[in-house]
Amino acid sequence: MSIDYAKTRETMVEQQVRPWEVLDPRVLDTLITIPREQFVPEALRALAYTDMELPLGNGESMLKPVVEGRALQALLPQATESVLEIGTGSGYLTACLARLGREVTSLEIDPELADRARATLAAQGVTNAAVETADAYAWTGDHRFDVICVTGAVAAIPAHFREWLAPAGRMFIVQGESPAMQAVRVEADGSIDSLFETDLRYLKGGAPTPRFTL
């Protein structure tokens, strides 16, 4: 039986995303418009709009739709703004950010995922997003961004992530230790607004230092 993905997409927005207080019209329109199923591994496409993380391979996963919606609403990229995404994954959130903002630079440490995301974004006609195969902990970007979206958790927010923010920029990131992590919005002036509790996989290099006890 074929799936009506357009209808399922609308159901995801109305029954999952809106109840999580994602109400911005531009964000909702983006989530209804972009075909999430095209970014999901083919064997899992029937699950593209379920309220769960989906495995992408190589130990990585796709965020829940509600987390993606809250991240987009927290950042609200404008048509004149540049975006840095840390952790491309499937490329779905990249496409959403690209639809809202002027341009997206997305960093993905896993070469296979980076290649797959580039191909999917190209197939979907996304021309204002560039995926770089890079480790965000070692990357040396030479300009500032209006918006930074970090798709994996960190035990502590790296100082150089903050340094990539433009003077009026903001960053979405999840910090803390599993299972009690906090999604936050970080402003360029250093202020932090707590958004919601969640539990995500760590970025590679972002996990807490193991504690040794005698």
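Refer to the structure presented above.
Below, the structure is looked at part by part. Computed from a prediction, not measured in an experiment: that's the story for all the values here.

Moving on, we come to the layout of surface pockets. Empty space within the largest pocket amounts to approximately 170 Å³. Lining the largest pocket are 15 residues; nearest its centre among them are Gln38, Phe39, Val40, Arg116 and Thr120. No other element matches the 5 residues that helix α5 (residues 111-123) contributes to the lining of the largest pocket. Here the lining of the largest pocket is built from residues that sort into 7 nonpolar, 5 polar and 3 charged.

Take Cys149: it is sitting in strand β6 (residues 145-154). Those residues in contact with Cys149 that lie beyond four places of it in its chain are Ala71, Leu75, Leu84, Glu85, Ile86, Leu93, Leu97 and Phe172.

Let us look at the nonpolar core. Among the nonpolar cores identified, the biggest contains 46 residues, and Leu31, Leu72 and Phe172 are the most heavily contacted of them. When residues of this core are assigned to their parent elements, the largest contribution, 7 residues, is made by helix α4 (residues 92-100). Apart from the residues lying within four places of it in its own chain, the contact partners of Phe172 are Ala71, Ala74, Leu75, Ile148, Cys149, Val150, Ala183, Val184, Leu195 and Phe196.

It is worth spelling out helix α1 (residues 5-17) at this point. Of all the residues in α1, the buried ones are Arg9, Met12, Val13, Gln16 and Val17. Along α1, the residues classed as buried sweep out an arc of 110° about the axis, all on the same side. Residues of α1 that are buried sit in contact with α2 (25-33) and α3 (65-75).

Criteria and thresholds
Sequence positions are assigned chain by chain, starting from 1 and proceeding in written order. Given that this is a predicted model, residues contribute local features only at a pLDDT of at least 70 and side-chain atom pairs are listed and counted only at 80 or more, while totals for whole chains, interfaces and linings are drawn from all residues. As a rule here, side-chain values cover all heavy atoms of the structure and leave hydrogens and water aside. Whether a set of points on the 1 Å grid over the protein atoms alone is a cavity depends on a 1.4 Å probe fitting there but being unable to get out, while an open set qualifies as a pocket with protein on both sides within 12 Å along at least five of seven lines; lining residues are those with an atom within 4 Å of a point. Grid points are joined across faces, edges and corners, and a volume is the space filled by probe spheres set on the points. Elements are defined by DSSP. Helices are runs of H or I of four residues or more, strands are runs of E of two residues or more, and each kind is numbered from the N terminus. Three classes are used, and their members are as follows: Ala, Val, Leu, Ile, Met, Phe, Trp, Tyr, Cys and Pro are nonpolar, Asp, Glu, Lys and Arg are charged, and the others, Gly among them, are polar. Two residues qualify as a contact provided that any one of their heavy atoms is within 4.5 Å of a heavy atom in the partner residue. We define a nonpolar core as any set of buried Ala, Val, Leu, Ile, Met, Phe, Trp, Tyr and Cys residues linked to one another through side-chain atoms lying within 4.5 Å. Under the scheme applied here, a residue whose accessible area is under 20% of the maximum for its type counts as buried, over 50% as exposed, and between as partly exposed, the area being computed with a 1.4 Å probe on protein chains only. Here the arc refers to the set of directions running from the helix axis out to each C-beta atom.

Any functional reading would require information beyond the geometric quantities listed.
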